Amino acid sequence: MNPKTRTRPRRTASSRRFTVPPALRKALIPAALAALGLAAWEDVPLPRLLKPWLSHAMEARAGQAPVAAPTLPLEAPGHELSMAAPRLVDEAAPVEPSTDAAVPGDALALPHTHARRVDHVARALGLRDLGDLSGAVTELRRALHDDPGATDALAQLARTARVAGDTTLAIDAYARLGQAEPHDAGALVQQARLLVSEGRFPDAVRVGEEALLRDPEDAEVYQVLGRAHLGAHELTSAILRFQQAVHLDPEHGHALNNLGFAYLRANDNARAVEVLTQAASLLPHVAYVQNNLGVACERLGRLEEARAAYAAATRLSPRYVQARVNAERVGRVARADLAGPALPEPLPPVAP
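Chemist: Explanation requested: the overall build of the chain in the structure shown.
Modeler: Each helix and strand counted, the chain has 15 helices and 0 strands in total. Here the chain, with 352 residues, has 39% of them falling under the buried criterion. Once local pairs closer than 6 in sequence are excluded, the contacts in the chain between residues at least 24 apart make up 53%. When the accessible surface of the chain is summed, it comes to about 20,800 Å², and 56% of that surface belongs to carbon and sulfur atoms.

So this is what it looks like as structure tokens:
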């Protein structure tokens, strides 16, 4: 045997190193990188618009991870278990129900569970910026489950629900906000406005009177009270409240228009012309103010002024049918050269 020739000793089976099969390696590496990527992004301050994306990604990952399911509370006989809302899962901590309990029978709060605190208000603002009003409302209701007295969440919920068209939810949110801020009349004024829009005039009067006790110097309180009384056909009270609003804010164009509208209802046409002329000068681009002024002028026989006001109303709002009908009637009266004005058509709804 040639001494220069060396042979390598054979390795035994026990000394061989374990290697991961290629197929398993291809499956494990991307999953590990994805997990590390999400974990790294959790503690990085992100722009507000990206927070909803990260939250949804965390929820999706939590749904795929083998996490032990939380125990469900027992329901009373005859009740079914409701499906749990999506929740964030912290892999470093077990899933536990939220320690904060909502007010019993709370119609605003949305029960949910999560392992750690989530800024639902910030998430809701991000969703609202993206146009997801329904998702924003859901997040704000979750915030109220965590903290039923959170005034910021209540205010955001009231505004968002109002924009989303959920008037009932907005009314309830403003009512709760008024309870949480006992010295502020703003939430009650907004609640009364929504009650008027829903035709709930006695409730609007009650809420408006409570707002009046809190801030007797706010013209908006008297304005909304006047609208509530007007809707309830309480004409004397409506005129009084509109007069008080104008006294506190002489340049309140909408209060002047509503006062003129109430004077027309009371057939006090001279006063109606006076205040509606002021309203038209303060709100020159509002069609219904011009139409109301035209009605007042027509009742007093001032047909040229009435025709000019109706023309301004139709020019500002070409689809304003009532103003167009009034203008045509005045035109027929002028052509016929009648001695007195014809009876105007019914008035349009009162302005906000």
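Chemist: What exactly am I supposed to notice about the environment of Gln156 here?
Modeler: In this structure, Gln156 sits in helix H5 (residues 151-164). Separated by 19 residues in the primary sequence, Gln156 and Val137 have C-alpha atoms spaced 8.7 Å apart. Beyond its immediate stretch of four places on either side in the chain, Gln156 contacts Leu125, Arg128 and Leu140.

Chemist: Whenever I open this one, the pattern of salt bridges confuses me. Can you help?
Modeler: Where charged atoms from two side chains of opposite charge come close, those side chains can pair. Applying the stated criterion across every chain, the model contains 10 salt bridges. The residue Arg200 makes a salt bridge to Asp203 at a minimum N-O spacing of 3.3 Å. Classification of Arg200 by relative accessible area gives partly exposed; the value is 38%. Owing to a relative accessible area of 28%, Asp203 belongs among the partly exposed residues under this scheme. When the shortest N-O distance is used, the salt bridge between Glu298 and Arg329 registers 2.7 Å.

Chemist: Help me out: how do you make sense of the packing of helix H6 (residues 167-180) against helix H7 (residues 186-197) in this one?
Modeler: Any two packed helices are characterised by the angle at which their axes cross and by the distance between the axes. Where H6 contacts H7, the two axes come as close as 8 Å, and the packing angle between them is 155 degrees. Judged by the angle between their axes, H6 and H7 are roughly antiparallel. Read as a crossing pair, H6 and H7 show a hand that is left-handed. Here Thr167, Ala170, Ile171, Tyr174, Ala175, Leu177 and Gly178 of H6 lie close against H7, whose contacting residues are Ala187, Leu188, Gln190, Gln191, Leu194 and Leu195. Within the contact of H6 with H7, the residues separate by chemical class into 9 nonpolar, 4 polar and no charged.

Chemist: I would appreciate a short explanation of the nonpolar core in the present structure.
Modeler: If you look at soluble globular proteins, the nonpolar side chains tend to sit buried side by side. Judged by nonpolar contacts, the single largest core of 73 residues is most densely connected at Leu144, Leu157 and Leu259. Every residue in contact with Leu259, bar those within four places of it in the chain, is listed here: Ile239, Phe242, Gln243, Val246 and Val275.

Definitions and limits used
Residues numbered from 1 in each chain as written. Predicted model: local features only at pLDDT ≥ 70, side-chain atom pairs only at ≥ 80, totals over all residues. Heavy atoms only, no water. Helix = DSSP H or I, 4+ residues; strand = E, 2+ residues; numbered from the N terminus. Buried < 20%, exposed > 50% of the residue type's maximum accessible area, 1.4 Å probe, protein only. Contact = heavy atoms within 4.5 Å. Areas by Shrake-Rupley, 256 points an atom, 1.4 Å probe, with all protein chains shown as cover. Salt bridge = Lys/Arg side-chain N within 4 Å of Asp/Glu carboxyl O. Axes fitted to C-alpha atoms, helices over the stretch in contact; angles between N-to-C directions. Parallel < 35°, antiparallel > 145°, perpendicular 65-115°, else oblique. Left-handed = near helix turned anticlockwise from the far one by under 90°. Nonpolar A, V, L, I, M, F, W, Y, C, P; charged D, E, K, R; others polar. Core = buried A, V, L, I, M, F, W, Y, C linked by side-chain atoms within 4.5 Å.

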